[in-house]
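Summary of structural features
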Amino acid sequence: MATTTATPDEHAVVTDGVATEGVRRRDFIEIAAVSAAGIGGLVMVYPLISQMAPSADVLAESTTELDVGALEVGQSIKAIFRKQPVFVRRLTAPEIEQANATDVGELRDPQTLAERTLADHPDLLVVMGVCTHLGCVPLGAVEGENKGDYGGYFCPCHGSHYDTAARIRKGPAPLNLQVPDYSVNGTTLVIGEA
Ligand code: FES
């Protein structure tokens, strides 16, 4: 015959029965304790991880340096600046001519090539590789890629075409590819610092 006793932390214990309420309650207490420890662990780990990641301030102030001394006419560099792609191109004479021959008044986002380059380096075009429509990475920075109808960059996501000055010419993108702040110090291009 089964006998039943009660203890302060056990609701009921059946001494020769199979399942007991007391065991269930202890299990719950242990599970609750482990869960609490797990949460404590997460709370302790999160600050460590968040301290290891660069803060928004640090990220916003970071620069990318590239040696463009060996960048020949017609060559491009695809790099990363603040976690986003950036395209650097040494424009050819025909590309510069084509950009300058364009009627700026007809452009969706009117800008001359001179306004998008440094006076001392009019052949060095530095733009973010982020389509101004919905943020895809356009093609054209790598040799052999589709440069679109205007010989610059082409975004295949929805068909935006940029010209040799990376200005929007056709398709849904509203603006030219963004020119970040940058400077040239000798042969070093510093992106993120005017
Ligand atoms: S994201 Fe480039 S055309 Fe839509």
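Quantities reported herein were computed from a predicted structural model and do not represent experimental measurements.

**Things to note about the overall build of the protein**
Check the secondary structure of the protein and you find 3 helices and 11 strands. Within the protein, buried positions represent 21% of all 194 residues.

**Considering the sheet that holds strand E11 (residues 188-191)**
Pairing within the open sheet is antiparallel, and its 3 strands lie in the order E3-E11-E10. The open sheet has two edge strands with one neighbour each: strand E3 (64-67) and strand E10 (182-185). With strand direction ignored, the average angle separating the axes of adjacent strands in the sheet is 20 degrees.

**A closer look at the environment of Asn176**
Residue placement: Asn176 occurs in the loop between strand E9 (168-170) and E10. Taking the C-beta count within 10 Å as the criterion, Asn176 has 23 such neighbours and is therefore assigned buried. Along the backbone, Asn176 and His133 are 43 residues apart, and their C-alpha atoms lie at a distance of 9.8 Å. Ignoring anything within four residues of it in the chain, the contact list for Asn176 reads Asp109, Gln111, Ala166, Arg167 and Ile168.

**As for the nonpolar core**
Grouped together as the largest cluster of nonpolar side chains are 25 residues, with contacts concentrated most on Val86, Leu125, Val126, Val127, Tyr162, Ala166 and Leu177. Among the elements of the structure, strand E5 (84-90), strand E6 (124-128), strand E7 (151-155) and E11 are those that each provide at least two residues to this core. At 4 residues, the largest contribution of residues to this core is made by E6. Once you skip the residues sitting within four places of it in the chain, Val127 turns out to touch Phe87, Ala166, Leu177, Gln178 and Val179.

**Thoughts on the sheet that holds E6**
Sheet strands associate in pairs through backbone hydrogen bonding, adopting either a parallel or an antiparallel arrangement. Ordered in space as E4-E5-E6, the 3 strands form an open sheet in which the pairing is antiparallel. Strand pairing shows two members of the sheet lacking a second neighbour, strand E4 (76-81) and E6, which therefore form its edges. With direction set aside, neighbouring strand axes in the sheet form an average angle of 20 degrees. For E4 and E5, the ladder comprises 6 bridges, and the chain directions are antiparallel. Each bridged residue has a counterpart across the sheet, and for Ala79 the counterpart in E5 is Val86.

**Section: the pairing of E6**
In terms of burial, E6 is largely enclosed, as 4 of its 5 residues are buried. One ladder, built from 5 bridges, connects E5 with E6; its direction is antiparallel. Each residue of the ladder has a partner; that of Val86, found in E6, is Met128.

**Concerning the environment of Ile77**
Residue placement: Ile77 occurs in strand E4. On a C-alpha basis, the gap between Ile77 and Arg89 in space is 6.4 Å, while along the polypeptide they are 12 residues apart. Aside from chain neighbours lying at most four places away, what touches Ile77 is Leu66, Leu71 and Val88.

**Some words on the confidence of the model for the protein**
When the pLDDT values of the protein are averaged, the result is 82; 69% of them are 70 or greater. Note that residues 1-23 has pLDDT below 50 and, in this model, 26 contacts with residues that lie over four places away or in other chains. For residues 33-43, every residue scores under 50 in pLDDT, and the model assigns this stretch 0 contacts once sequence neighbours within four places are set aside.

Conventions and cut-offs
- Residues numbered from 1 in each chain as written.
- Predicted model: local features only at pLDDT ≥ 70, side-chain atom pairs only at ≥ 80, totals over all residues.
- Helix = DSSP H or I, 4+ residues; strand = E, 2+ residues; numbered from the N terminus.
- Buried ≥ 20, exposed ≤ 12 C-beta atoms within 10 Å, placed from the backbone.
- Pairing = 2+ DSSP bridges.
- Axes fitted to C-alpha atoms, helices over the stretch in contact; angles between N-to-C directions.
- Contact = placed C-beta atoms within 7 Å.
- Core = buried A, V, L, I, M, F, W, Y, C linked by C-beta atoms within 7 Å.
- pLDDT = per-residue confidence, 0-100.

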